[in-house]
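Inside the fold
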Amino acid sequence: MDVNGTRFHQLLGSADWARCSADAGIALSDGATLKPLLFLLPAQGAAADPMVERRGAARDRYGNWYWIDESRGQVLVQSSGSLAVSVFWPPARTPEQPRRAAFGPVAPEAEPAARVFGGVAVTDDHYLIVGTIDRPGLLAFDLHQNGPPRRIAWPPAVPFQPFDLAPAPGGGVFILDRENHRYWALDRHLGVRQLGAAPPVPDDFSAASGDADDLRPWPSSFPPGFDLLSASSPVSAVNPCAIEALPDGTVLVLDRETASVARYRLDQPLATAALDLSPLLATPPSGDLFGADLAFAAGTVYVPAADGLQAFAFDASFDGDSLTLTASEAAPFFPLRFFGGRGFVAAAGQAFYDVGDRAWVPIVEQKRPRFTVQGSLFSPILDGNEPGCVWHRLLFDGCVPPGATVEVWTRVSDDKSDVVSQPWSQEPDPQPRASGPELPLLPAIAGGDAQLFELLFQRAKGRYLQVRIRLSGDGRSSPRLRALRVWYPRFSYLERYLPAVYRDDIDSASFLDRFLANLEGLFTSVEDKMAVAQLLLDARTAPPEALDWLASFFGVALDPAWDEGRRRLFLRHAMQFFAMRGTVRGLTLALHLALSDCPDDSLFAAAPDLTESFRILEWFKLRETPALALGAGEVFSGIRTLTQGSGWTPDQGGAALLSRYQAAAAAAGLASPSSFPVVEPDTNGAFWESFSQSVLGFVPQAGAFEQRAFRNFLARRYRRPSAFAAAWGETIAGFDDTGLSLPTELPRDGAPLRDWYQFFAIAVACARLAHRFTVLLPVPAREAFAVDLHQQRRQLATRIVNLEKPAHTLFDVKFYWAMFRIGAARLGVDTLLDKGSRAPELMPPVVLDQAFLAESRLSTVPPERAVERSLEGQDPLQKRMTPEKKS
């Protein structure tokens, strides 16, 4: 509602637009536009059979490509480094020249018969699996080490013709046998999976002699695989031509005969979904539309066209065991340039296809928009809440490109059921509004839907209104409506502000009313902004451009690098922030505001959890380190070895201290002292200092600083001379009496001995460490070696702390990797009992000129190595014993 009481109906978002009705030329989602059409490349001659070139291809995790050549007798590889193509298998055979007087065969060795390959896949465990057709089976190449492949042969009694292979999630492979309408599942040990039985365990030992075709024995009964053509099943594949694995272990099988995709879990058919592009096609296609392969990547199923000129994308959704394939409403265009037809491959979250003989490229969308030429949408019937309501104006946010038009019609009635029978009245064409949104303080709209169009209703008078909007385009562009607002009733300057004589003539009054409505639109926008001026003073509602102005109220200049959310967060809690300024929590808040990825209101909660990120370490809190082993002024001097229970406390008495001192002197071959000196003695000073440090935890001193500090210590502890006299048995005039000084000999047991000990152990250490602190910045694992980023964060943190700290304090800024820092961390406060940064699995590998000592590891095992994988030359030989052999 504006200041004049005019309200509006709004369509914004998919729920509102779904209330509208539209003809076949309109697409409604989170707005309204002409319906997108799929761009089809024109056919170039007779299309070749897509099954002819299908041979299979795969990519390993390093970007190397493997595929079967045209003869189907070789496996080629393209290196990711040099992009050179070479023969991967079989290796070239070079005949050996017999040496003189050397033994050799009487007849030369016969050349082995060439194999026929079908289907290629690279498993998660980095095995290259190649199907063999002439000798039914598989070749398994270990890509982590050189050597011949391991051959897995199918028994002669089991028909097997591998056509397409797909890696299974977690290891293993799925194999499609289109000739026998069957598919097979192999586990990560490359054993055939079967229902109700454990997978076969391959034997780690084979004959000492033989070649690469030595076979490993299968169990007595061979699994039959999974049938794809079952008369009793509602899901069956008549002409299966491609298989693809899903993350949950199920598979998708493309049936080219029915243009559908079926989903299976082992031998259980789950669902089938048709490949339907008819909603995106202007005319039905002639002939086959789809090719003979598919790839699943990032929730999308890609299928090539039958002519190989482009690919079609279907959004895949899974609800339990169901499967739904929907052609994207955006109708993306994926051209395939020089598609060789060897296959579609899903790798690294993308779909790839082959170009010519030496390149594999990802499928990339090209912007080639196509739309219907015209379409109309109808708004729901809107209520003006009063009979004879004069509807004011219509505004919509959107875009009307060149060559496109938007036309508006209205029909009204005071009876809702009579609206649909009223004739349509055409309204003026919408015009762009140069002054911006009519709503006050509305933030600017980013993107292509930033235009605002408006029109003034001419003939809309009645309680109920329906709007018809016709969108037109040239087939390559379309208008788009993101939001639509219909204002009612009209605030008439003619009726409110002018004498009645101006309304005597109906035609003149109508013209004057509409003319003054233009001025009303201008003045109302200004009045609306004046009416909501208080919103400018609220950090939650102020427009982004006003945030710097609000910050000036606090004398603050906001960092230009802060995003809008961070700025609003600071302004909402500015009073809390300034109330804590100069404190540890205030410093921590300032660091979170500037350096945290996602700061929110929880930072200013009554008890926020800030211990696992930026840390402020006050040096005086280090005084409670066991027996002050780090020493005064040597807080970060390194790790010291402490013997637990070796310290002396005042409760043990002065005699115990003297006895230990005499025993230590005797052990060192020194004369037995008669007393323990409280100041450095003239002789054996080094021995006394070492003994004091190890037993007392400090070295007593009696300088001017200690004398003043001792009197202040007693004054804070006892407050009145009478209380001091009762504890010490000495009478003093006041605590500023110069006669009150540090004892020149070990005080007597009781309060004097305890006060003397605690003064040096706590008060002196605290005074020397007061007003100093360290800021510890966390280093995320993803930024472990980002040296430049570290320095930027350190410099920014230094500037922030300089602005927020008390003026008399000193500090330094250091990084931490969530590790224990001896003498610089408190258990349970600055530390967390968990895996430390020195755990090998959390430490990044060493990179030359980038690694830090003790914060990285020497990487000897590749991270992609499977747990069960044995690498030649690195792992000890471990024979796996099957239960039969153990028995």
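Reference entry: report on the structure contained in this document. Starting afresh in each chain, residues are numbered from 1 along the sequence in its written order. This being a predicted model, a pLDDT of at least 70 is required before a residue's local features are given, and a value of 80 or more before pairs of side-chain atoms are given or counted; all residues contribute to the totals for chains, interfaces and linings. Excluded from the side-chain calculations are hydrogens and water; all other atoms, namely the structure's heavy atoms, are used.

1. A look at the side chain of D397
The secondary structure listing takes helices from DSSP runs of H or I that are at least 4 residues long and strands from runs of E that are at least 2 residues long, numbered from the N terminus. As for its placement among the helices and strands, D397 is situated in strand 31 (residues 393–399). There is a polar contact of 3.1 Å between the side chain of D397 and the side chain of R485. Polar contacts, as counted here, are pairs of nitrogen or oxygen atoms within 3.5 Å of one another; within protein the pair requires one atom able to donate a hydrogen and one able to accept it, and residues that are adjacent in sequence qualify only if both atoms are side-chain atoms.

2. Topic: the packing of helix 8 (residues 654–667) against helix 9 (residues 685–696)
A pair of packed helices is characterised by two quantities: the angle between their axes and the separation of those axes. The interhelical angle for the contact between helix 8 and helix 9, taken along N-to-C directions, is 130°, at an axis separation of 11 Å. Classified by the angle their axes make, helix 8 and helix 9 are oblique. The hand of the helix 8/helix 9 crossing is right-handed. Judged by residue contacts, L657, R660, Y661, A664 and A665 of helix 8 engage F687, W688, F691, V695 and L696 from helix 9. When residue character is reported, Ala, Val, Leu, Ile, Met, Phe, Trp, Tyr, Cys and Pro are called nonpolar, Asp, Glu, Lys and Arg charged, and the others, Gly included, polar. Its residues assigned to classes, the contact of helix 8 with helix 9 comprises 9 nonpolar, no polar and 1 charged. Fitting a line to C-alpha atoms yields each axis, with helices limited to the stretch in contact; the angle taken between N-to-C directions then spans 0 to 180 degrees. When an angle is under 35 degrees it counts as roughly parallel; over 145 it counts as roughly antiparallel; between 65 and 115 it counts as roughly perpendicular; any other value is oblique. The sense of a crossing depends on the near helix, which, turned anticlockwise from the far helix by less than a right angle, makes the crossing left-handed and, turned clockwise, makes it right-handed. We call two residues in contact when some of their heavy atoms are within 4.5 Å.

3. With respect to the nonpolar core
Residues grouped as a nonpolar core are buried Ala, Val, Leu, Ile, Met, Phe, Trp, Tyr and Cys residues, joined through side-chain atoms within 4.5 Å. Exposure is judged per residue with a 1.4 Å probe applied to protein chains only, and the accessible area is read against the type maximum: over 50% gives exposed, under 20% gives buried, and values in between give partly exposed. The biggest cluster of nonpolar side chains holds 34 residues, and the ones touching the most others in it are L591, L595, F604, V775 and L777. For this core, the secondary-structure elements that each account for two or more residues are helix 4 (547–551), helix 5 (564–572), helix 7 (584–595), strand 39 (772–778), helix 13 (787–804) and strand 40 (810–816). The leading source of residues in this core is helix 7, at 7 residues. Dropping the residues within four chain positions of it, V775 is found in contact with L591, R615, I616, V801, F811, D812, V813 and K814. Core analysis: the next-biggest nonpolar cluster, separate from the first, contains 31 residues, W648, W688, F698 and F759 among them.

4. A word on the pattern of salt bridges
Throughout this description, the term salt bridge denotes a Lys or Arg side-chain nitrogen within 4 Å of a carboxyl oxygen of Asp or Glu. By the definition in use, this model includes 25 salt bridges. Close ionic contact of D134 with R135 constitutes a salt bridge, the shortest N to O distance being 3.9 Å. D134 gets classed as partly exposed once you look at its relative accessible area, which sits at 34%. Here R566 ties to D563 by a salt bridge, and the two come within 3.9 Å at their closest N and O atoms. Overlapping salt bridges, with partners in common, bring together R393, R433, E454 and E520 in one network.

5. Here's the deal with helix 12 (residues 751–769)
For a helix, the expected span equals 1.5 Å multiplied by the residue count minus one. Here helix 12 is 19 residues long and its end C-alpha atoms lie 26 Å apart, about the 27 Å a rise of 1.5 Å per residue gives. The axis of helix 12 is deflected most strongly, by about 40°, at F759. Directly beyond the C-terminal end of helix 12, a positive phi value near 65° is found at H771. Consider a residue and the seven residues that end there alongside the seven that start there; fitting an axis to each set, the bend is the angle between those axes.

6. Regarding the pairing of strand 36 (residues 464–472)
Within a regular beta strand, the side chains point alternately toward one face of the sheet and then the other, so they alternate between its two faces. Most of strand 36 sits inside the fold, with 9 of its 9 residues counted as buried. Alternating residues of strand 36 divide into Y464, Q466, R468, R470 and S472 and L465, V467, I469 and L471, and every residue in both groups is buried. Strand pairing follows a simple DSSP-based rule, namely that at least 2 bridges must link the two strands. Pairing between strand 29 (residues 374–378) and strand 36: 5 bridges, direction antiparallel. Looking across to strand 36, one finds that Q374 is bridged to S472.

7. With respect to the environment of W360
Among the structural elements, W360 can be located in strand 28 (residues 359–362). Owing to a relative accessible area of 8%, W360 belongs among the buried residues under this scheme. The spacing of W360 and F344 is 16 residues in sequence and 9.8 Å in space, taken between C-alpha atoms. Residues in contact with W360, not counting those within four places in the same chain, are A57, W65, W67, Q78, R342, G343, V345, F352, Y353 and D354.

8. Side note on the sheet that holds strand 5 (residues 57–59)
The antiparallel open sheet is built from 4 strands, whose spatial order is 5-6-7-8. Single-partner strands in this sheet number two, and they are strand 5 and strand 8 (85–89). Mean inter-strand twist for the sheet, computed between neighbouring axes without regard to direction, equals 25°. Bridge count between strand 5 and strand 6 (residues 65–68): 3 bridges; the pairing is antiparallel. Looking across to strand 6, one finds that A57 is bridged to W67.

9. Overview of the sheet that holds strand 9 (residues 117–122)
Spatially, the 4 strands line up as an open sheet ordered 9-10-11-12, and their pairing is antiparallel. With partners counted over all chains shown, the strands left at the sheet margins are strand 9 and strand 12 (150–153), one partner each. Adjacent strand axes in the sheet meet at a mean angle of 20°, parallel and antiparallel pairs treated alike. Summarising the sheet, strand 9 and strand 10 (residues 127–132) pair through 4 bridges and their orientation is antiparallel. Among the inter-strand pairings, V122 is bridged to a residue of strand 10, identified as L128.

10. Description of the side chain of E427
Here E427 shows up in the loop between strand 33 (425–426) and strand 34 (431–432). The sign given to each residue is positive for Lys and Arg and negative for Asp and Glu; His and the chain ends receive no count. For E427, which is buried and forms no salt bridge, the nearest opposite charge comes from R459, at a distance of 4.9 Å. There is a polar contact of 2.7 Å between the side chain of E427 and the side chain of T410. Side-chain polar atoms of E427 contact the backbone nitrogen of Q458, separated by 2.8 Å.

11. Examining the environment of A574
By the element assignment, A574 lies in helix 6 (residues 574–579). Linking A574 and V556, residues 18 residues apart in sequence, is a C-alpha distance of 9.9 Å.

12. Some words on the environment of D597
Its location among the elements puts D597 in the loop between helix 7 and strand 38 (615–618). As for D597 and R566, which are separated by 31 residues in sequence, their C-alpha atoms are 9.9 Å apart.

13. Thoughts on unusual backbone geometry
P90 follows W89 through a cis peptide bond whose omega is 0°. As for its position among the elements, P90 is in the loop between strand 8 and strand 9. For the peptide bond that leads from Y488 to P489, omega is -25°, which places it in the cis range. Relative to the elements of secondary structure, P489 occurs in the loop between strand 37 (480–488) and helix 2 (493–497). Positive phi, normally seen in glycine, also occurs at A298, with a value near 55°. Relative to the assigned elements, A298 resides in the loop between strand 21 (295–297) and strand 22 (300–304). Backbone geometry at A331 places phi at a positive 50°, although glycine is not the residue there.

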